[in-house]
Amino acid sequence: MLRPLFPRFLAALAILSTVLRAAEPPPIKVGEFASLTGKEAAFGQSSHKGTLLAVEEINAAGGVLGRKIQLITEDNQSKAGESATIAKKLISRDKVVALIGEVASMRSLEAAPIAQQFRIPMISPSSTNPKVTEIGNYVFRVCFIDPFQGVVMAKFARNSLKLKRVAVLTSVSSAYSVGLAKYFKERFTQDGGAIALEQRFTEGDKDFKAQLTAIKAANVDGIFLPGYYTEAALVCKQARDLGLNLPLFGGDGWEAPQLISIGGAAVEGTYYSTHYSPENKSPAVSGFVERFRKRWNNEVPDAMAALGYDAAMVLADAIKRAGTTDSAKLREALAATKNLPGVTGDTTLDAQRNASKAAVVIAVRDGKFKFLETVAP
Ligand code: PHE
């Protein structure tokens, strides 16, 4: 008696579940492009973990506009050229309503013209070079920009480190490095300091002996190195090998566990500016740190993670306020973002689609990143 009924029961169940699934509205697709592997893998991985945590929290709370967010993540392998291709693919093939990316300014600069061309809003979590958002009115960021970061480190070098003559070592193939060097130099000289000499390198270089030998001969009392952690760690090591025992300091590009794991003793007593410190005791930061550690194997979130999280939250808030994923309306809602609380501070997007937030200065001490001070915008 039971036998002939059972298959029918199963068939009915299958139909029911298909009907139920069809009733669930389709997810809102959001594209993310990040350096999950390659030279700056630490950037992409951190940022992605923050963004994914935000998306999971948004979905657990019911999603936006009654729909779940589906994050489609693509790895650009830290390689030049990949981000533009990926942005095109995410827009044309996956039909994403917005793009989140990138950390490194040079890769945001690659994808931004595509986002602008297709009129798909792009939010960079942490690219600080001013040119990124100048690409067009569909390009946004949730972090401060380098004219501010350059001033923060120039003042720190002059007032806290009491430096008078510094050398600047710039990565000429990185928009971030070139820009940050410029803003630092302007302020440092304006405040009475001298730039004794400038040296250059290109992304991926491993030998800095020639530049460091020239710097040694110039008799400076500090080296400003606006670059990424891979080169920064090597520069510090080679500087110490040459007997250069002076302060080396940089910007947010230094932030990665690899700075310490590669740099070791050579990065002791170095400094950099960044967007946030996990040591901050505010409820917004401590709550985030706790949830992030629970989600990601006890890892302590860094600035990229915090900004990756905030970028996704800013996007979700704009979709909610727009009441639609229509790209022109979503763009307008993003542009109107005001006082949205986040981990890295409240986000208000100005007429240039940039945020204005506090910076923090970090010191490397006893093999750890130590919070020194917060600098208001
Ligand atoms: N601000 C850097 C850039 O624009 C990227 C970065 C952000 C690196 C935050 C570390 C932390 O290229």
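Residues numbered from 1 in each chain as written. Predicted model: local features only at pLDDT ≥ 70, side-chain atom pairs only at ≥ 80, totals over all residues. Heavy atoms only, no water.

Novice: Describe the environment of L244, naming the residues involved and giving the relevant values.
Specialist: If you trace the backbone, L244 turns up in the loop between α9 (229-241) and β9 (248-250). Residue L244 is classed as buried on the basis of its relative accessible area of 5%. C-alpha separation for the pair L244 and E299, spaced 55 residues apart in sequence, amounts to 34 Å. The residues contacting L244, other than those within four sequence positions of it, are L212, K216, I223 and A239. (Helix = DSSP H or I, 4+ residues; strand = E, 2+ residues; numbered from the N terminus. Buried < 20%, exposed > 50% of the residue type's maximum accessible area, 1.4 Å probe, protein only. Contact = heavy atoms within 4.5 Å.)

Novice: Summarise the packing of helix α11 (residues 283-295) against helix α12 (residues 303-322); cite the residues concerned and give the values.
Specialist: For the pair α11 and α12, the least separation of the axes is 12 Å and the interaxial angle reads 100°. Taken together, α11 and α12 sit at an angle that is classed as roughly perpendicular. Listed contacts from α12 to F288, R291 and F292 of α11 are A305, A306 and Y309. Split into classes, the residues belonging to the contact of α11 with α12 amount to five nonpolar, no polar and one charged. (Axes fitted to C-alpha atoms, helices over the stretch in contact; angles between N-to-C directions. Parallel < 35°, antiparallel > 145°, perpendicular 65-115°, else oblique. Nonpolar A, V, L, I, M, F, W, Y, C, P; charged D, E, K, R; others polar.)

Novice: Can you explain the site of the ligand? Please cite residues and give values.
Specialist: Around the ligand, the surrounding shell holds 13 residues, and the nearest of these are S105, T128, Y228, D252 and M304. Here an oxygen atom of the ligand sits 2.5 Å away from a polar atom, N or O, in the side chain of S105. D252 is positioned with one of its side-chain polar atoms (N or O) 2.7 Å from a nitrogen atom of the ligand. Of the residues that constitute the shell around the ligand, the class distribution is six nonpolar, six polar and one charged. Counting only domains with at least three residues in the shell around the ligand, you end up with domain 1 (28-144 + 280-357) and domain 2 (147-274). (Near = heavy atom within 4 Å. Polar contact = N/O pair within 3.5 Å; in protein donor to acceptor, adjacent residues only side chain to side chain. Domains from an automatic or database assignment.)

Novice: Help me get a handle on the pairing of strand β7 (residues 194-201), residues and values and all.
Specialist: Alignment of strand β6 (residues 165-171) against β7, held across seven bridges, turns out to be parallel. Each residue of the ladder has a partner; that of L169, found in β7, is Q199. With respect to chirality, the unit in which β6 leads through helix α7 (residues 175-190) into the neighbouring parallel β7 is right-handed. (Pairing = 2+ DSSP bridges. Right-handed = clockwise from strand over helix to strand, strands pointing away.)

Novice: Kindly report on α9, identifying the contributing residues and their values.
Specialist: Along its 13 residues, α9 runs 18 Å from first to last C-alpha, staying within 8% of the 18 Å computed at 1.5 Å per residue. Among the residues of α9, those classed as buried are Y229, T230, E231, A232, A233, V235, C236, Q238, A239 and R240. Structurally, α9 contributes buried residues whose contacts are with α2 (41-60), β6, β7, α8 (209-217), β9 and α10 (257-263). Positive backbone phi, approximately 85°, marks G243, located one or two places after α9. (Expected span 1.5 Å × (residues − 1).)

Novice: Give me the lowdown on the pattern of salt bridges, citing residues and values where you can.
Specialist: Following the criterion strictly, the structure yields 14 salt bridges and no others. Taking the shortest distance from any N to any O, the salt bridge between E40 and K39 comes out at 2.4 Å. Look at E40 and you get buried, because its relative accessible area is 1%. The exposure class of K39 is partly exposed, given its relative accessible area of 27%. Ionic pairing is found between E299 and K49, a salt bridge with its closest N-O pair at 2.7 Å. Note that E299 is positioned in the loop between α11 and α12 and K49 in helix α2, a separation of 250 residues in sequence. Several salt bridges converge on common partners, so that one network encompasses K39, E40, E102, R107, E203 and E231. (Salt bridge = Lys/Arg side-chain N within 4 Å of Asp/Glu carboxyl O.)

Novice: Provide a residue-level description of the domain arrangement of the protein chain, including the pertinent values.
Specialist: Under the domain assignment used here, the protein chain contains domain 1 (28-144 + 280-357) and domain 2 (147-274). The straight-line distance from the C-alpha centre of domain 1 to that of domain 2 is 28 Å. At the interface, 18 residues of domain 1 touch 21 residues of domain 2. When the two sides are added together, the surface that domain 1 and domain 2 hide from each other amounts to roughly 1,500 Å², 63% of it contributed by carbon and sulfur. Taken together, the connections running from domain 1 to domain 2 amount to two salt bridges. The interface formed by domain 1 and domain 2 holds eight residue pairs in polar contact (both at pLDDT 80 or more) in total. Elements represented by at least two residues in the side of domain 1 that touches domain 2 include exactly α2, α4 (105-118) and α12. Per-class residue counts for the side of domain 1 that touches domain 2 are 10 nonpolar, four polar and four charged. (Buried area = accessible area lost by both parts, 1.4 Å probe.)

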